[in-house]
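Coordinates in review
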Amino acid sequence: MNASKILKTYFGYDSFRDGQEEIIQSILDGKDALAIMPTGAGKSLCYQVPALLLSGITLVISPLISLMQDQVKALNEAGIHAAFINSSLTETQIAKALGLAMNGTYKIIYVAPERLESAGFIQFAQSAEISMVTVDEAHCISQWGQDFRPSYLKIVDFIGQLPKRPVISAFTATATREVKADIECILQLNHPSIVVTGFDRENLYYRVEQISGKNKDKFILDYIDRHPNESGVVYCATRKNVDAVCELLSRNGAAVTSYHAGLDNAVRKKNQEDFIYDRAPVIVATNAFGMGIDKSNVRFVIHYNMPQSMENYYQEAGRAGRDGEDAQCILLFSPQDIRTNKFLLERKAFEGVGAEDIELIKQRDAQRLQSMEGYCRITSCLRNYILEYFGEKADVPCDNCGNCHREYTQEDMTAEAKWVINCIAETKGRYGQNIVMGILLGANRARLKEIGASSYKSYGVLSDKKERELRVLINEMLMEGYVIQTADEYSVLKIGDITRLRDEDTRVVIRKFEEKEQADGTRNRKARSTDVLTSAGFDLFEKLRQLRLEIAKEEAMPPYIIFSDKTLVDMCAKAPVDKAGMLAVSGVGENKFQKYGQRFIDAIAEFTADNPDAVISTTADEDIPVTKNVKQNAGTSWTNEEDDVLRNEFQSGMKIAEIAKAHGRTNGAIRARLKKHGLLE
Ligand code: ADP
Ligand code: MG
């Protein structure tokens, strides 16, 4: 078998992704390799495929028990014998596994780095044929990163004790120069081939909403309501928020669980498993959650609060859409988040760090926070902001983020801002935001009468404004520090530092936006994993998802390991009726077909019998029936003619969404094609 055949037979995929082939080839040529690819790019396959072709065993060093277990389950499902050796096993179990390994049962063995120092394991490795040592999450070797693991430093000593030096391959998603240099140097890679793919995660839709307090709750409730059955993570800055949001959602009937460092170990473990097994598809968590989670069908990551840095945001948001299907990353931003983060950073503990270094770290933290705030406030392409932050060039707006789908305008509200200050001064800072707005708007509420609001000079001076506009204005003033909000229960507005506001040149500008009309006529069309499907296809998708959940329960296996969301979507699009059709679905290999194929074929047949309209035709030169479950051309191959048309359209200035509509394809497909032709970077 060659690499492509293995990819198809075991993993069910037709083609390699960017960078995979290069890495695999290099390994097969006996050369060391270092791959820096973003989350979800498919790093595992880069060592799993060659491992099956090399004559001996591949040892994969991986930092977390949960990651190893997941990977081994996935390999076994694909029909590949693999094992892990870590502290979750007893000595007897380990001895047994090593015995089997000696007999050639396993091609791939996952080990925790600590194991490399155990005499028993070294002895095994010296007598077995080790063809490759793979270091996954290789950034753990670098003290520069947050995930430094001292035991990773022992890897080289271990390799040195082997009778023959195996090929060494290293994988990470962290691309900073320091980390890369550390990996190369500490692992002593020997003229490695280095593959670095772009940072962009095309299937992620980024979006920022500037909303505060209660409105965040409303947003989340509404979002989860409109995305039932979808798996997602809601990140909060504090444990208190995690508990509150989790409580709110479960009160409203969502199947949700929570995770933070304040919960005891057993509870944390159970909650995490409920999430992985889709018993609770939504998890509300602090940033303590996520490392070691490879759940591929996470369809959204919502940040209830702004994180402290772009690095954190990219990593957390990046947990969405590992399967390559569309997913949403939404950040809910309010001025309060900046204050909370400043407060948290001030309290950060510095043990064993010199005074000068502390100063430096603090400066860097402040800069990072500022860049994060910048992301929340820009009105241009969010994806490009991320790419540029990580040092990648980006010039064309992506047309696949919240800002690209919005038309922003600005309004000078300096005069109104001054009235807000007057009102707070006049009422001696005794009232909260609602009363202050009520006075300015000249509202006719009982509470306002009670306090004699109509006698104030500022009463009704802004009656021509909408409440929403004033809210935005006050938000902006909070952000600038002109106004402060006390943190106690009866939070009231006080005057902050208004020195700058006294300066003639200082303007208070608020931004407004309108959702752009999308080319397909719908407003702000939101990318969803099942976008490619019509409504009949979507019904089928739900049906198959249920079947997957049922099987997952029978097998005590996370659903996404049975089949990924992407595989289910492709199954709906192709609606196969037999083995050949099923094997043509992306992600269905021989072994999975044997185990589950027939049940899915039956479910599809049952569906098409109930929905005869969903099937249009079986064309002569294709043995797979084509259904109407899919956007007209999505997934079909490109002809030279269509390519020419595409090129002309793009060069004559047509928007990507317009082109996609004209071709009956998704925006992503068009972008990918344009990139292929070198018309887009
Ligand atoms: P990473 O380790 O880079 O974050 P993984 O190795 O976990 O990513 O892969 C992410 C997902 O992509 C998995 O569901 C995997 O099966 C899928 N995948 C990997 N390579 C391919 C490919 N060539 N075609 C289709 N899907 C792939
Ligand atoms: Mg990985």
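The following refers to the structure shown. Position numbers for residues start from 1 in each chain and track the written sequence from start to end. The lettering of chains begins at A and the numbering of ligands begins at 1, in the order of writing. Note on the predicted model: pLDDT of at least 70 is required for a residue's local features to be given, and 80 or more for side-chain atom pairs to be given and counted; whole-chain, interface and lining totals, by contrast, use all residues. Excluded from the side-chain calculation are hydrogens and water; included are all heavy atoms of the structure.

1. Comments concerning the overall build of the protein chain
Helix and strand counts for the protein chain come out as 28 helices and 19 strands. This radius of gyration counts C-alpha atoms alone. The globule rule is 2.2 Å times how many residues there are, raised to the power 0.38. Computed over its C-alpha atoms, the radius of gyration of the protein chain comes to 28 Å, within 12% of the 26 Å expected for a compact globule of 681 residues. Taken along its principal axes, the extent of the C-alpha atoms in the protein chain is 90 × 70 × 50 Å. Between buried and exposed lies partly exposed: a residue is buried under 20% and exposed over 50% of the maximum accessible area for its type, with that area taken using a 1.4 Å probe on protein chains only. Relative to its full complement of 681 residues, the protein chain shows a buried share of 52%. We call two residues in contact whenever any of their non-hydrogen atoms come within 4.5 Å of each other. A sequence separation of at least 24 residues applies to 71% of the contacts in the protein chain between residues at least 6 apart. His is not counted here, nor are the chain ends, while Lys and Arg score as positive and Asp and Glu score as negative. A charged residue contributes its charge at one atom only: NZ of Lys, CZ of Arg, CG of Asp or CD of Glu. Each charge class in the protein chain was averaged separately, 85 positive and 95 negative side chains, and the resulting centres sit 4 Å apart. A run of DSSP states H or I qualifies as a helix once it reaches four residues; a run of E qualifies as a strand once it reaches two. Both are numbered from the N-terminal end.

2. Things to note about the sheet that holds strand β9 (residues 231-235)
The criterion for strand pairing is that DSSP finds at least two bridges linking the strands in question. Pairing is parallel in the open sheet, where six strands are placed in the order β8-β13-β12-β9-β11-β10. For this open sheet the edge positions go to β8 (204-210) and β10 (256-259), each flanked by a neighbour on one side alone. Direction aside, neighbouring strands of the sheet carry axes that sit 15° apart on average. Note that β9 and strand β11 (residues 282-285) share four bridges and pair parallel. Across the sheet, residue Y235 finds its bridge partner in β11, namely A285. Sitting on the sheet, helix α9 (residues 213-226) touches β8, β9, β11, β12 (298-303) and β13 (327-333), and the angle it makes with β13 is about 165°. Lines fitted to the C-alpha atoms define the axes, with helices restricted to the stretch that makes contact. Angles between their N-to-C directions range from 0 to 180 degrees. Contacting β8 and β13, helix α14 (residues 355-377) crosses the sheet at an angle of about 105° to β13.

3. Thoughts on helix α28 (residues 667-676)
Residues lying three or four places apart along an α-helix face the same way, a consequence of the helix completing one turn every 3.6 residues. Listed as buried for α28 are N667, I670, R671, R673 and L674. End-on, the buried residues of α28 take up no more than an arc of 165°, which puts them together on one face. Downstream of α28 by a residue or two, G678 has a phi angle that is positive, lying close to 75°. It is the directions from the helix axis to the C-beta atoms whose arc is reported.

4. As for the packing of helix α12 (residues 310-317) against helix α15 (residues 382-389)
Interhelical geometry of α12 versus α15 gives an angle of 120° and a closest axis separation of 11 Å. With respect to each other, α12 and α15 are oriented oblique. α15 is crossed by α12, and the crossing has left-handed handedness. Along its contact with α12, which presents M310, E311 and Y314, the element α15 presents Y385, I386 and Y389. Each residue is assigned to one class: nonpolar for Ala, Val, Leu, Ile, Met, Phe, Trp, Tyr, Cys and Pro, charged for Asp, Glu, Lys and Arg, and polar for all the others, Gly among them. Here the residues of the contact of α12 with α15 are counted per class, giving five nonpolar, no polar and one charged. Put simply, angles under 35 degrees are roughly parallel, angles over 145 are roughly antiparallel, angles from 65 to 115 are roughly perpendicular, and the rest are oblique. Whether a crossing is left-handed or right-handed is set by the direction in which the near helix is turned from the far one by less than a right angle, anticlockwise for left-handed and clockwise for right-handed.

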